[in-house]
Amino acid sequence: MKNIDSYTHVRGESIFVDDVIARQDTLYGLVFDAPKAHGKILNVDYSVAEKVEGVVKIFTYKDIKGENQIGGILPDEPLWAEDEIHFWGQPIAFIVAESESIAKKARALITINIDELPVITTAKEAKEKGSFINAPRSFELGNTAESFSNCEYVFEGETFSNGQEHLYLETQGCYAIPQENGNIKLISSTQGPTSVQQITARVLGVPMHKIEVDVTRLGGGFGGKEDQATPWAVMAAVAVQHLKKPVKHILNRHDDLRMTGKRHPYESTFKIGLNKDLKIMAFEAEFLQNSGAAADLSPAIAERTLFHATNSYFVPNVSTTVYSCKTNLPPNTAFRGFGGPQGMFVIESAIAKAADELRIDKREIQEANLLSENDEFSYGQIATQVETKSSWSAAKSKFELEKLEDQIEKFNQENSQFKKGVSVMPICFGISFTNTPMNHARALIHIYQDGSVGISTGAVEMGQSVNTKMLQVAADTLGIHPLKVKLETTNTTRVANTSPSAASSTADLNGKAVLKACNSLIGRLKKVASKMLSVDENLISFQNDVVFIEGKKPELTWENVVAKAMLERVALSENAHYATPIIHFDKSKEKGHPFAYHVYGTAISTVTVDCLRGTYEIDAVNIIHDFGNSMNIGIDIGQVEGALAQGIGWMTLEEIAYGDDGKLLSNALSTYKVPDVFSGPKKIEVVPLETQGNEMAILKSKAVGEPPLMYGIGVYFAIQNAVKAFNKKHKLRYHSPFTPEKVLMALYEK
Ligand code: MTE
Ligand code: HPA
Ligand code: MOS
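## Description of the nonpolar core
In terms of nonpolar packing, the biggest core is built from 53 residues, with Ile-272, Leu-274, Phe-283, Phe-287, Ile-365 and Ile-604 touching the most fellow members. Tyr-616, Val-640, Ala-722 and Val-743 belong to the second-largest nonpolar core, a separate cluster that totals 48 residues.

## Some remarks on the packing of aromatic side chains
Throughout the structure, instances matching the rule amount to 19 aromatic pairs. Arg-263 extends its terminal NZ or CZ atom over the ring of Trp-650, reaching a point 4.8 Å from the ring centre.

## Some words on unusual backbone geometry
Each neighbour pair has its own omega, and for Ser-736 with Pro-737 the value is 5 degrees, a cis peptide bond. The topology assignment puts Pro-737 in the loop between strand E29 (734-736) and helix H19 (740-747). A positive phi is found at Leu-699, a non-glycine position, where the angle reads about 50 degrees. Position of Leu-699 relative to the elements: it lies in the loop between strand E28 (684-688) and helix H18 (712-726). For Leu-699, a relative accessible area of 32% gives the class partly exposed.

## Here's the deal with the site of ligand 1
Residues in contact with ligand 1 amount to 17 residues; listed here are only the nearest, Gly-221, Phe-222, Met-462, Thr-506 and Gln-639. Met-462 is positioned such that a nitrogen or oxygen atom in its backbone is 2.8 Å from a nitrogen atom of ligand 1. Note that an oxygen atom of ligand 1 is positioned 3.1 Å from one of the side-chain N or O atoms of Gln-464. Burial of ligand 1 by the protein chains amounts to 92% of its free accessible area of 520 Å².

## What about the site of ligand 2?
Near ligand 2 the following residues occur: Glu-226, Arg-304, Phe-338, Phe-433, Thr-434, Met-438, Ala-502 and Ala-503. Residue Arg-304 places a side-chain N or O atom 3.1 Å away from an oxygen atom belonging to ligand 2. When isolated, ligand 2 has an accessible area of 260 Å², and the protein chains bury 98% of it. Per-class residue counts for the shell around ligand 2 are five nonpolar, one polar and two charged.

## Focus on the pairing of strand E17 (residues 440-447)
A large share of E17 lies buried, amounting to seven of its eight residues. When E17 meets strand E23 (residues 573-579), the two strands line up antiparallel, connected through seven bridges. Along E23, the bridge assignment pairs His-446 with Ser-573. By the bridge criterion, five bridges tie E17 to strand E18 (residues 453-457) in an arrangement that is antiparallel.

Analysis parameters
Residues numbered from 1 in each chain as written. Chains lettered and ligands numbered in written order. Predicted model: local features only at pLDDT ≥ 70, side-chain atom pairs only at ≥ 80, totals over all residues. Heavy atoms only, no water. Core = buried A, V, L, I, M, F, W, Y, C linked by side-chain atoms within 4.5 Å. Buried < 20%, exposed > 50% of the residue type's maximum accessible area, 1.4 Å probe, protein only. Phe/Tyr/Trp six-rings, centres within 6.5 Å; stacked < 30°, edge-to-face > 60°. Lys NZ or Arg CZ within 6 Å of the ring centre and 35° of its normal. Helix = DSSP H or I, 4+ residues; strand = E, 2+ residues; numbered from the N terminus. Near = heavy atom within 4 Å. Polar contact = N/O pair within 3.5 Å; in protein donor to acceptor, adjacent residues only side chain to side chain. Areas by Shrake-Rupley, 256 points an atom, 1.4 Å probe, with all protein chains shown as cover. Nonpolar A, V, L, I, M, F, W, Y, C, P; charged D, E, K, R; others polar. Pairing = 2+ DSSP bridges.

By themselves, these figures tell us nothing about what the structure is for.
Written out as structure tokens, the structure reads:
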């Protein structure tokens, strides 16, 4: 089944926030933001700007009737700055005008005096100065100190992985419309409708029921709209509260790039100990997360770094610590993988370092340490239904790794200008919000009296095709044609108190709720049909729009039963709630069973480096991926390909640059390079691992949104191998992205 949005997408008919037909009296909002990264605000002069014809009002923190506070995990972020600014691009005021161009004109006329304070842009500097978001967290398993003293080989090193711009096609935005009695409707491009509702209510000083948030779909989120879609909606809502007119607030690309947070850059150190059989006996890592100027989701992201610090390997002695370092950058936020990729890059670097020192292939160490059934993760969960070795060996045989390695060696012997590199990248990613209380969802299903069905859930469609999956679950469970089912918008008045669509868990959580609701409805309809047919209800099933009695078709359609149920006054609507069973986590001990299950897979990447120019091509990425029992393989392979491209971008091309003064330098697509069709792999092959799937996954179809991003890490090490083949003197560094510029320097390093 194809994505249900594909028809309107290709015709340009799909509706995004900016496509909503604006009411005639709509006003337009624009943020005035900090032109420095840190300082005290001495004064801001709005007088000239206010006089521009068509400017309706300029809002500041003084206009807030509730709290000037938008922090989710920690209350440390104002909607609009009061006396101090903490990052370049921090919102200070909100200009509302009759048009966007008038607001722009006015913005240029605002003047500000700032008493500048010292600026911190790196995590290391923040740590040296004791600038943190919260207390550090540590996960411990076994005894690393003792183990290191018994290790044959011990290696230490440091790594850096840069941030990443989400670059959702649809920028942040909201259309806020006044309703009667001070109620406000927000049409928002958010992954978290409930958090938009909750924080708007807090800032406006009104109960949550006065705020309705509606989401049709997002033009991409990638984590960037889990928390950071909120402020733009809240600003529009504040304006509506005062002006009682609709306000549209869509960020232009430059404003979006400058004002929003990104993936967290990490500076980390590691120590890895191996015995003579190449078993990793001990691993220590210290992760410095560059959190930016406020907490946002940083503490949760830091936590996931620790959860994934040993990737797909079993390490009996682990000691990992993460610091959320407070700097003067925009607050960094969720990005596909949620801190997991940053953790995995460090252990892969540690293994690469060990292999380089021991003059062996990295994959020998990887292969010797793959996770097995009943191994313990550093956080106490016992690994079950493990697919590490199965996906590794499937990749190795299916893609003829050994033959490939021989071919590459031969190629490198025969060619001096071009060198090839290959690497293997296994992944293991935990599925569930690491914060256990967030793992729940609801669905509201109406069967209309003509037999058509409407579904509401808390799931937000952002291109990952969750709506198509929800529709499949309902059609499958009710036994009706997919065309009978419609997905409603995600709306806080229909499905309330939702977790954001994130953690790759949206389909599992909301799908299980849909399944539950459909099963209740089918239970009732079976009773109706059994009465109509005078047979035991246990013999009845619904399939292909008709009723079956033990596999035989009587003359009774879905519509007949629904119509009869209506006459019999049977409820044709159902609301169901699902909360993931089994999972738990005790933060005081840092132990528990936080994940419903893990997703596994193995990628083999091959690259060719042009050793004259430092440029490279990715020849192929071949993947064995654990989809479980995929309910929609077309959509799921699309997720693997998209995540892989994004992972490759993060590891190779996408270079976020801030000046020492905290100003974003890579502030446009001319200076920020994302992979295009030419820089992506020339060949991607994704082969599903043969497996049963997991009961905790919706219809045994495993979560797929984030895990494949981490295959991109393999490309980094493939490039490194190619560079090493050219220049034996190259001293390996673990500093991503591995841009052509860095490759060139490495090729000619003496
Ligand atoms: N795919 C598309 N096309 N657009 C997106 O914004 N977000 C990713 C992933 N795939 C995203 C995407 C992220 S960060 C997550 S957490 C998951 O989708 C969220 O959706 P899911 O929980 O339904 O997998
Ligand atoms: N993943 C993604 N988003 C989240 C999580 C998580 O584990 N926890 C809170 N938000
Ligand atoms: Mo995804 S980073 O959990 O939105």
